[in-house]
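Remarks on the overall topology
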Amino acid sequence: MTDGIKKKVIDIFSKRGKSNDEQVKFYAGFNYVRLDKDANGNKFNAPHLLNYAEKYHYLVHVMRSVGGETVLYNYDVPSSDLFKFLRSFEDKNLDGTIIEINRYLPGELI
């Protein structure tokens, strides 16, 4: 993850109580911030967001112990299959420890 993205994520969760639009809240065991508009002040458009998300894949780095050695498996997971992939760890169909998840557009250099 680039430093700019890390800073944006940290900034979102450091804005506790600054405005009603960006208050950090807690639900189902996780902190979250609700956003009603984009950075330009426009309301979100569901078809555009879904089209945007559909284009991306995730590179999921999973650590496993194989033959007494630590190895990394790198999975290419389409956006539409990300929840299915994560659920497979909970269902014990896949094992290991997820180390990192990176989003990328296929065809772009990572």
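Data block above holds the structure.
Residues numbered from 1 in each chain as written. Predicted model: local features only at pLDDT ≥ 70, side-chain atom pairs only at ≥ 80, totals over all residues. Heavy atoms only, no water.

1. As for a nonpolar patch on the surface
Which entries qualify depends on this criterion: Exposure above 30% relative accessible area and the lack of any salt bridge qualify a residue for a patch; like charges then connect within 9 Å, and the nonpolar side chains Val, Leu, Ile, Met, Phe, Trp and Tyr within 5 Å. Computed by Shrake-Rupley with a 1.4 Å probe, the accessible areas treat only the displayed protein chains as cover when residues are assessed. In the sections that follow, a salt bridge refers to a side-chain nitrogen of Lys or Arg positioned within 4 Å of a carboxyl oxygen of Asp or Glu. Put simply, DSSP marks the helices as runs of H or I at least four residues long and the strands as runs of E at least two long, and each gets a number from the N terminus on. Only protein chains enter the accessibility calculation, which uses a 1.4 Å probe. A residue is then buried if its area is under 20% of the maximum for its type, exposed if over 50%, and partly exposed in between.
Residues F83, L86, I98 and I101 make up a contiguous nonpolar surface patch of roughly 360 Å² in combined accessible area. Elements represented by at least two residues in the nonpolar patch include exactly α3 (82–90) and β5 (97–104). With respect to the helices and strands, the residue I101 is situated in strand β5. Judged by relative accessible area, I101 falls into the partly exposed class, the value being 38%.

2. Focus on the pattern of salt bridges
One side chain can pair with another of opposite charge once the charged atoms of both are near each other. Applying the stated criterion to the full structure yields 2 salt bridges. Among the salt bridges present, the one from R34 reaches D36, with a minimum N-O distance of 2.7 Å. With relative accessibility at 56%, the residue R34 sits in the exposed group. Across the salt bridge formed by D95 and R64, the nearest N and O atoms sit 2.9 Å from each other. Taken together, the positions of D95 in the loop between α3 and β5 and R64 in strand β3 (residues 57–66) put the pair 31 residues apart, joining distant regions of the chain.

3. Thoughts on the nonpolar core
Inclusion rule: Nine residue types can take part in a nonpolar core, namely buried Ala, Val, Leu, Ile, Met, Phe, Trp, Tyr and Cys, and a core is a set of them joined through side-chain atoms within 4.5 Å. When checking whether two residues touch, look at their non-hydrogen atoms; a contact exists if any pair is within 4.5 Å.
Judged by nonpolar contacts, Y58, V60, V62, V77, L82, F85 and F89 together constitute the single largest core of 7 residues. For this core, the elements supplying multiple residues, two or more each, are β3 and α3. If we skip the residues at most four places from it in the chain, F89 touches V62, L94, D95, G96 and I98.

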